[in-house]
Amino acid sequence: MYKKILVPTDGSEFAKKAQKHALFLSKVSGAEIIAVSVTENNFVNGLPLDDEVYQLNQILKERSEENLKEFDALNEDDLKIAHVIREGSPAKVILEVAKEEVVDLIVMGSSGKSGFDRFIMGSVADKVVNSAKCAVLVVH
């Protein structure tokens, strides 16, 4: 049924739950998994590019790489998982990668945000669900 499953990961508990669902779906369907980790560094826009900003960007990239390695560690059945690391707005990048890779399904964790943060920023999962051209499974 599924040929490609996109799994965004940010290292959160909700993302890890979604990863387990994606691994199961991949195992039963034979689908390839594309794991994406987005480095959100919008807050450094406009700051001078000095050593501190460069180091912060490196730390964020390393964290994305760690998130993908943690996902690989859950892959006990040695399923095919491709890695993608991108910079930008998480929802926008997830939707771009889904389109580029022609995925059949996006499996992602709910943000777990509530209250004022969710009101101001909106949920990445909500944005993806409302804009994706493929099926989206949100795991809570």
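Residues numbered from 1 in each chain as written. Predicted model: local features only at pLDDT ≥ 70, side-chain atom pairs only at ≥ 80, totals over all residues. Heavy atoms only, no water.

### Description of unusual backbone geometry
Residues apart from glycine generally show negative phi values, whereas peptide bonds are mostly found in trans. Even without being glycine, D78 reaches a positive phi, approximately 55 degrees. A positive phi angle, near 50 degrees, is found at V102, a position not held by glycine. Take V102: it is sitting in the loop between α3 (90-101) and β4 (105-109). (Helix = DSSP H or I, 4+ residues; strand = E, 2+ residues; numbered from the N terminus.)

### Details of the confidence of the model for the chain
In this model, the chain carries an average pLDDT of 88, and 86% of its residues clear a pLDDT of 70 or more. Taking the mean pLDDT of every element in the chain, the minimum, 52, falls on helix α4 (residues 115-121) and the maximum, 98, on strand β1 (residues 4-8). (pLDDT = per-residue confidence, 0-100.)

### Some points on the environment of L6
Inspection of the secondary structure puts L6 in strand β1. In this structure L6 comes out as buried when scored by relative accessible area, which is 0%. Sequence spacing of L6 and D104 is 98 residues, and the spatial spacing of their C-alpha atoms is 8.1 Å. Once residues within four sequence positions are removed from consideration, L6 is found in contact with I34, V36, I94, V97, A98, V103, L105, I106 and V107. (Buried < 20%, exposed > 50% of the residue type's maximum accessible area, 1.4 Å probe, protein only. Contact = heavy atoms within 4.5 Å.)

### Focus: the side chain of S110
Along the chain, S110 turns up in the loop between β4 and α4. Here the side chain of S110 touches H140 through a polar contact of 2.8 Å, side chain to side chain. Apart from the residues lying within four places of it in its own chain, the contact partners of S110 are F14, A125, V138, V139 and H140. (Polar contact = N/O pair within 3.5 Å; in protein donor to acceptor, adjacent residues only side chain to side chain.)

### Regarding the sheet that holds β4
Spatial ordering of the open sheet is given by β3-β2-β1-β4-β5, a layout of five strands whose pairing is parallel. A strand with exactly one partner marks an edge of an open sheet, and here the two such strands are β3 (81-87) and β5 (135-139). The mean angle between the axes of side-by-side strands here comes to 20 degrees, regardless of whether they run parallel or antiparallel. Two elements, β1 and strand β2 (residues 32-39), share five bridges in a ladder whose sense is parallel. Within the sheet, the bridge partner assigned to L6 lies in β2 and is I34. Against the sheet, helix α1 (residues 13-29) touches β1, β2, β3, β4 and β5, its axis set at about 150 degrees to β4. Most of the contacts of α3 go to β2, to which it runs at about 150 degrees, and overall it touches β1, β2, β3 and β4. (Pairing = 2+ DSSP bridges. Axes fitted to C-alpha atoms, helices over the stretch in contact; angles between N-to-C directions.)

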